[in-house]
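# Structural description and commentary
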Amino acid sequence: MIMKKKITIFTITFFSLTVYSQSYHSTRDTFHIPSNSICGFFEEPTGVYFYWLNPSFITDGIHFYKETKGEFSPYKNIKFSTEILDAFRNRSISLASFVFISFDTALSINGKEIVMLDLKKGKILQRTTYNTDSNYSLLLSDNPQNMWNPQRRSLAFRLYYIGDYVNKREQYYTGQLVAEVFPETGVVNKFPMKYPVMNIFKYSGIASNLFYPNITFHGDTYVVGFLIIPLTYEYNVTSNKLETKNVCEEGYIPLPEYKNPTLASNDYEDPNIASWIFSHTRIYNRLIYDAYTHRYYRFFSQQINDNDKTSVQGVSVFDNQWQMIGKNIIFDSPVSVYYPTSKGIYGYTSDVGFGIIINKLEIIEK
């Protein structure tokens, strides 16, 4: 395959924007690989790696790039064994959700099974069935952030209670909202966090995943936030201690107490409140804990002008006690990152028809 033999990399570096004691440095590297590829990052003691594979060229296997001096360069390719290829072709494993435990061991995840693969030996090590309870469903986060917790050897999932779906304007999901699954045993551990009760149908037209939790973790502590409210849960699994916080950073404007007397009781959405939110408050896109700097990064987008619809994207930085560091950092151009490493925070986006763009973000202290 020509794509894997000759890869051109373009690098564009944006200027650093100083905000009080902090600035940021962002880079974008465009890789000439199929834009519909399955991609991701992982880090182990030997380095930071980016990988991609393409189901259309599945016999080519996985292509690995290693970070060296701020750039990813081709490292090596691993071809799938006949055993793994046959399992993929008969749909008994999925490569769409792929999580690395180490360079040689990965998890293949679908809606019913977690399959552990030994890529070095080309073997399927074990299959673990989950989602056997008809009352709820465990779903991997839509955020591409790696949900593998190496300290607990578990995967974090969003917990959706099927039987508790309530078709009312004041409530959407009920019950616990996050769980972890241990792939080696199949044990499911549901956390005591609850979906917030809000007038969700006023806001459901804003984002389809409005009440999906933003999940991050460090060690035994899991943190969960939401898209348009400052409610933040912090739960320590070992001590079984749950804390509820209102993480309000600089410039946050709370949702208004709003009632529209003209809205019929069976109307699910209120365009007036949606317009207000886009113009005044923030959509929290993702929440990340960086174990290398011991900080939380809460990314947001906001429409700051009601007339010309000017929008901004930025990040608020907190220490591990949820004290805000400096001021909000506003990006000069969109930055899509979600995977913290010892070399910076990485992410990727598809450049349709052209390739894959790797984004890197570094927060610089002044």
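Further up the page is the structure itself.
In this report, the structure presented in the accompanying data block is examined. All figures in this text were calculated on a predicted structure; none of them were measured in a lab. (Residues numbered from 1 in each chain as written. Predicted model: local features only at pLDDT ≥ 70, side-chain atom pairs only at ≥ 80, totals over all residues. Heavy atoms only, no water.)

### Considering the side chain of Ser37
To keep things clear, this is the line we draw: Put simply, DSSP H or I for four residues or longer makes a helix, DSSP E for two residues or longer makes a strand, and each gets a number counted from the N terminus. Burial status follows relative accessibility: with a 1.4 Å probe on protein chains alone, a residue under 20% of its type maximum counts as buried, one over 50% as exposed, and anything between as partly exposed. What qualifies as a polar contact is a pair of N or O atoms within 3.5 Å, subject to a donor-acceptor requirement within protein and to the restriction that residues adjacent in sequence count only when both atoms come from side chains. Pairs of residues are marked as contacts when any of their non-hydrogen atoms sit within 4.5 Å.
Counting through the fold element by element, Ser37 comes out in the loop between strand E2 (22-31) and strand E3 (38-44). Taking the relative accessible area as the measure of exposure, Ser37 reaches 9% and is therefore buried. Within the structure, the side chain of Ser37 is placed 2.7 Å from the backbone oxygen of Pro34, a separation counted as a polar contact. One polar contact links Ser37 to Asn54, side chain to side chain, over a distance of 3.4 Å. With sequence-adjacent residues up to four places away left out, Ser37 is seen in contact with Trp52, Leu53 and Asn54.

### Description of the layout of surface pockets
The condition is simple: Residues are called lining when one of their atoms sits within 4 Å of a cavity or pocket point, these points coming from a 1 Å grid over the protein atoms alone, where a cavity is a set in which a 1.4 Å probe fits but cannot get out and a pocket is an open set with protein on both sides within 12 Å along at least five of seven lines. Grid points are joined across faces, edges and corners, and a volume is the space filled by probe spheres set on the points. Under the grouping applied here, Gly and all other residues not named as nonpolar or charged are polar, the nonpolar ones being Ala, Val, Leu, Ile, Met, Phe, Trp, Tyr, Cys and Pro and the charged ones Asp, Glu, Lys and Arg.
Approximately 540 Å³ is the volume found for the largest pocket. Lining of the largest pocket is provided by 21 residues; of these, Trp148, Pro150, Phe217, Tyr292 and Tyr339 occupy positions nearest its centre. When contributions to the lining of the largest pocket are tallied by element, the ones reaching two or more residues are E3, strand E12 (148-149), strand E16 (214-218), strand E20 (282-290) and strand E24 (339-341). Of the residues assigned to the lining of the largest pocket, the class counts are eleven nonpolar, seven polar and three charged.

### Let's talk about the sheet that holds E16
Inclusion rule: Note on pairing: DSSP must find at least two bridges between two strands before they are called paired. All axes here are fitted lines through C-alpha atoms, helices being fitted over the stretch that makes contact, and every angle between N-to-C directions spans 0 to 180 degrees.
Strand order in the open sheet formed by four strands is E16-E17-E18-E19, with antiparallel pairing between adjacent strands. The sheet terminates laterally at E16 and strand E19 (241-246), the two strands that pair on one side only. For this sheet, the mean angle separating the axes of adjacent strands, direction not counted, is 20°. As paired strands, strand E17 (residues 221-225) and strand E18 (residues 231-236) are joined by four bridges and run antiparallel to one another. The residue of E18 that forms the bridge with Val223 is Glu234.

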